[in-house]
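Working through the structure, step by step
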Amino acid sequence: GLLQVWGSATAFADNMVNFTTEQLRELMDYKYNIRSMSVIAHVDHGKSTLTDSLVAKAGIIAQKHAGETRYTDTRADEAERGITIKSTGISMYFEYIMSDADRAEVSAAEGRAVKVTGGSEDAIRAVGVQQTAEPGEEREVDGPKISENSYLINLIDSPGHVDFSSEVTAALRITDGALVVVDTIEGVCVQTETVLRQAIGERVKPVLHVNKVDRALLELQLSPEDMYQSFARAIESVNVIIATYNDELLGDCQVYPEKGTVSFGSGLHQWGFTLCKFARMYSDKFGIAYDKMMVKLWGDNYFDNKGKKWVKSDKDGTLERAFCQFIMSPICKMFSAIMEEKKGKVQKLLKVVGVTLKKEDEELTGKPLLKRVMQKWLPVGDAILEMIVVKLPSPAAAQRYRVDNLYDGPLDDAAANAIRTCDTSQDAPLMMYISKMVPSSDRGRFFAFGRVFSGKIATGQKVRIMGPNYVPGKKSDLWVKNIQRTLIMMGRFQEQVQDIPAGNTCGLVGVDQYLLKSGTITTLEEAHCIKTMKFSVSPVVRCAVEPKKAQDLPKLVEGLKRLAKSDPMVQCYTEESGEHIIAATGELHLEICLKDLQEDFMGTEVKVSDPVVSYRESISADSNQTCLSKSPNKHNRLYMEATPMNDDLADAIEAGKISAKDDPKLRARAMADDFGWDVTEARKIWSFGPDGNGPNLLYDVTKGVNYLLEIKESVAAGFQWAAKQSVLCDEQMRSICFKLMDVTLHADAIHRGMGQIMPTARRVIFASMLTAAPILQEPFFLVDISVPQDAMGGCYGVLTRRRGVVFSEEQRPGTPMVQMKAHMPVMESFGFNADVRAATGGKAFPQMVFSHWQSMNGDPLDGSTKPGEVVVTVRQRKGLSPEVPPLDRFLDRL
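Below, the structure is looked at part by part. Since the structure is predicted, the reported quantities are computational estimates derived from the model, not experimental observations.

Digging into the overall build of the protein chain
Each helix and strand counted, the protein chain has 29 helices and 35 strands in total. Its C-alpha atoms give the protein chain a radius of gyration of 30 Å, near enough to 29 Å, the size a compact globule of 894 residues would have. By principal-axis analysis of the C-alpha atoms, the protein chain measures approximately 100 × 65 × 60 Å. Evaluated residue by residue, the protein chain yields a buried proportion of 58% over its 894 residues. A separation threshold of at least 6 residues defines the contact pool for the protein chain, and within that pool the share at least 24 residues apart is 74%.

Re the pattern of salt bridges
All told, the structure shown has 30 salt bridges when counted by the stated rule. In this structure, the salt-bridge partner of glutamate 386 is arginine 280, at a minimum N-O distance of 2.8 Å. Linking glutamate 386 in helix 17 (residues 380–391) with arginine 280 in helix 11 (residues 275–286), this pair joins segments that are 106 residues apart in sequence. Using a relative accessible area of 33% as the deciding quantity, one classes arginine 280 as partly exposed. For aspartate 673, the salt bridge goes to arginine 669, with nearest N and O atoms at 3.3 Å. Here the residue aspartate 673 and the residue arginine 669 both occupy positions in helix 23 (residues 664–675), the gap between them amounting to four residues, near one helical turn. A residue is classified by how much of its surface remains accessible, and arginine 669, at 45% relative accessible area, is partly exposed. Each of Arg173, Asp176, Glu202, Arg402 and Arg451 takes part in a single network of salt bridges with overlapping partners.

Remarks on the side chain of threonine 520
Residue position: threonine 520 is located in strand 19 (residues 519–522). Here isoleucine 530 takes part through its backbone nitrogen, which lies 3.0 Å from a polar atom of the side chain of threonine 520. Not counting residues within four places of it along the chain, the set of residues in contact with threonine 520 comprises Met431, Met432, Tyr433, Arg464, Ile465, Met466, His528, Cys529 and Ile530.

As for the nonpolar core
Core analysis: the biggest nonpolar cluster contains 96 residues, and Ile457, Leu508 and Ile521 have the highest contact counts within it. Leave out the neighbours within four places in its chain, and isoleucine 457 touches Leu430, Met432, Val452, Ile483, Thr486, Gln498, Asp499, Ile500, Cys506, Leu508 and Ile521. One finds Leu172, Val238, Cys276 and Met281 within the second-largest nonpolar core, a separate group that totals 72 residues.

A word on the packing of helix 3 (residues 47–57) against helix 17
For the pair helix 3 and helix 17, the least separation of the axes is 9 Å and the interaxial angle reads 90 degrees. If you check the angle between helix 3 and helix 17, you find them roughly perpendicular. Counting all contacts with helix 3, which are made through Leu50, Ser53, Leu54 and Lys57, the residues of helix 17 involved are Val380, Gly381, Asp382, Ile384, Leu385 and Ile388. Residues of the contact of helix 3 with helix 17, tallied by class, amount to six nonpolar, two polar and two charged.

Considerations on the environment of threonine 424
Positionally, threonine 424 belongs in the loop between helix 19 (414–421) and strand 10 (431–439). Classification of threonine 424 as partly exposed rests on a relative accessible area of 28%. Between the C-alpha atoms of threonine 424 and serine 454, which are 30 residues apart in sequence, the distance is 6.3 Å. Other than its neighbours up to four places away in sequence, threonine 424 contacts Lys31, Pro501 and Ala502.

Here we look at the sheet that holds strand 27 (residues 637–644)
Strand order in the open sheet formed by five strands is 26-27-31-29-28, with mixed pairing between adjacent strands. If you trace the sheet from one side to the other, it starts and ends with strand 26 (627–630) and strand 28 (685–689), each paired once. If you compare each strand with its neighbour and ignore which way they point, the axes differ by 25 degrees on average. The sheet contact formed by strand 26 and strand 27 spans four bridges and is antiparallel. Its bridge partner lying in strand 27, serine 629 is registered against leucine 638.

Re the side chain of glutamine 598
In this structure, glutamine 598 sits in helix 21 (residues 587–602). In this structure, glutamine 598 is in contact with Gly603, Thr604, Glu605, Val606 and Val608, ignoring residues within four places of it in sequence.

Re the packing of aromatic side chains
What describes a pair of aromatic rings is the distance from one ring centre to the other and the angle between the planes of the rings. Tallied over the entire structure, the rule returns 17 aromatic pairs. Look at tyrosine 228 and tryptophan 298: their rings are 4.6 Å apart centre to centre, the planes differ by 50 degrees, and that puts the pair in the tilted class. With tyrosine 228 in helix 10 (residues 224–244) and tryptophan 298 in the loop between helix 12 (290–296) and strand 8 (302–304), the pair connects residues that are 70 residues apart, well separated along the chain. Like tyrosine 228, the residue tryptophan 298 is buried in the burial classification. Here the aromatic rings of phenylalanine 850 and tryptophan 853 are separated by 5.7 Å at their centres, their planes lie at 65 degrees, and the arrangement is edge-to-face.

Regarding unusual backbone geometry
Apart from glycine, the bulk of residues carry a negative phi angle, and the bulk of peptide bonds sit in the trans form. A positive phi angle is found at lysine 212, which is not glycine, with a value near 60 degrees. Among the structural elements, lysine 212 can be located in the loop between strand 5 (205–211) and helix 9 (213–218). The backbone of cysteine 422 sits at a positive phi, close to 55 degrees, despite the residue not being glycine.

What counts and how
- Residues numbered from 1 in each chain as written.
- Predicted model: local features only at pLDDT ≥ 70, side-chain atom pairs only at ≥ 80, totals over all residues.
- Heavy atoms only, no water.
- Helix = DSSP H or I, 4+ residues; strand = E, 2+ residues; numbered from the N terminus.
- Rg over C-alpha atoms; globule rule 2.2 N^0.38 Å.
- Buried < 20%, exposed > 50% of the residue type's maximum accessible area, 1.4 Å probe, protein only.
- Contact = heavy atoms within 4.5 Å.
- Salt bridge = Lys/Arg side-chain N within 4 Å of Asp/Glu carboxyl O.
- Polar contact = N/O pair within 3.5 Å; in protein donor to acceptor, adjacent residues only side chain to side chain.
- Core = buried A, V, L, I, M, F, W, Y, C linked by side-chain atoms within 4.5 Å.
- Axes fitted to C-alpha atoms, helices over the stretch in contact; angles between N-to-C directions.
- Parallel < 35°, antiparallel > 145°, perpendicular 65-115°, else oblique.
- Nonpolar A, V, L, I, M, F, W, Y, C, P; charged D, E, K, R; others polar.
- Pairing = 2+ DSSP bridges.
- Phe/Tyr/Trp six-rings, centres within 6.5 Å; stacked < 30°, edge-to-face > 60°.

Shown next as structure tokens:
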């Protein structure tokens, strides 16, 4: 009799909501009815496929094509390779009627957001009242009327590849919720962890979808109990990651099926469910309250049919777990009936669950029929829509706790307050963050894509466009211009509107001439920038490009400029030897960048050098003497020593935990407590280098020197220069501390100017580095390979040939897959994927992400060692003389 209950609940109508741009624009004003979310996951776990279910529900593509279209993969190469490369935004309109329980939950969450950020009691009560939006007078419009049941969902589908994780960061910055997709068979992988960590770092609230359940049923033929275990494992590992990076202001954002924050299903077959759906159906049948039923449907709960009561144990395996008995078993029955083509049984089951097939669908058999039936019976769009609307925060709630992460200025000025309340009133200051550039159909021009955090952005409005290096009160990196057009982004199309209010994502035309990759747009004179995004990867793979024909050089330069705009992570620059360099995060990323450069931004071929790797120069001991250099006019002397920095501190600086911007006293305290520095020395740090924020320090241990502060700028400038292009092979330095021991200066200020001190500082730094046993550091990748057990040998072979070290391997319970983790030098990684696939017959699936820097063994000054060879080749590539300059060029005698 179970299946009959289902019937009454699934009689739903196939209504197509065809919304117009005007309705979308009207809905944008109800900030409590907006949800912005990104879809994040490991590569190939089915993000784009799942996104289709919502696109189809909004009536943009036909139900029968959903799952195969991958609407959000807009580029030709995305469709062809079957991977997402760029994150794509799309805004959709949905109707969702909240039950009272849902409404209570949403207002509780919003009340909590106010409370955490220190709002008054009245403000918390006011939130509950605002829930009921009062739409304007009813105008006659085609299609749906805007009411409190209308929701606007701004969805961004992001790539899963490690190489493109910068796209994920860009997507997370402008959304408030994230739908994490996990493959039930592969479980939680490396990239799932990376993106979850990024999401929680940006204070984005996650909900989980366990995908590819159809594979577990059809390929692995798992029993309902095994399915339950595999779901439970996936959810458990997601929660472990969430708990590790938890944030007080975000609250407990772990996901629980019994709280409705987890859904299960299959994106390809377009079916899925949350426990809420079943709890509603069964609560009537059993006469139990809905929330009690939710708890019963997950965990160790069993229904004893004989005694008609709920029990906690399975009585020695005689009872079936409630989740299996009431949910999984009926689904398995339906699957087996359809796949074994038992026509009569299928008809009976369909009648029971209340699914009526159209005439043309009755001829289908096998998988197409399965998809059709499951899609009508348990549409995945409904399950996911429910999670988005009820469980994810509206901009008004989310910006209360996200403002500290977003805003760089004081948290009580006008801009911060406007962001905190998501202020849409007439005179609210505009604050908008541009997170990435989207190429437009007009070649070489870009739409700036971002989110309005407060105020309203309008066509023709005069705004201040601030780049990431803007300093309030200065004129650098600031343009005051008019916005040409404002757009709603809809996958591969754009809709033009007059203005866009706070809480929404939008595209702008005409901003791409001023901003490089990201920036802030505001109307407030005193506003600070919105913080620049922190990326979890760094570009370590570089290659040089040159045009095939000399007359194409201007095209190449222009093309590189556009390429730098189009991708949040890629760096394009020119070496001193005149080479044009493209730096990317990995081989695949580099390949895509070169393809874009040649096809979209230039239209001609380029010659590409072999990929090269950046190195870092460091030291392994203290300087063996105090080094002295004299200035060119012989009137000033600088004495200096170098000591290695401990690795933890270097990592902390690279992660931004300790930076030049911190308060010197607090920073000194932290360095003394965590890294064993002397407080007085830590207070006298003059400079971080290179670029004013790198992992090298210059500090002063001199005693009672005259005029010392007058040369501080000059010495620091020399240090920045030396740290950027060091002595061994012009690469950057890493984890070296330089101590300024003593200074002898000329009494006359004119003889100790910048021109005298800066080159001297550089020379003495090089001397103290060469006397401190210099070493080279090379970048290492963390390689993650999922491979069946029988093909593991091939992976080991390839890794050993490439100096890789395997440090962990674990068996995936319930599957033949093994997950191996290894460290491998980036230098050896080119062509690694192809090699591994060849060695394992295509069964292994490797992923590589930058992990750490590691010192190379051997003396880089001796040309016969490995580091020595590297130094020579790098110097030749950069057009320098092949041998490292000798010490006496930098070290002077007294």
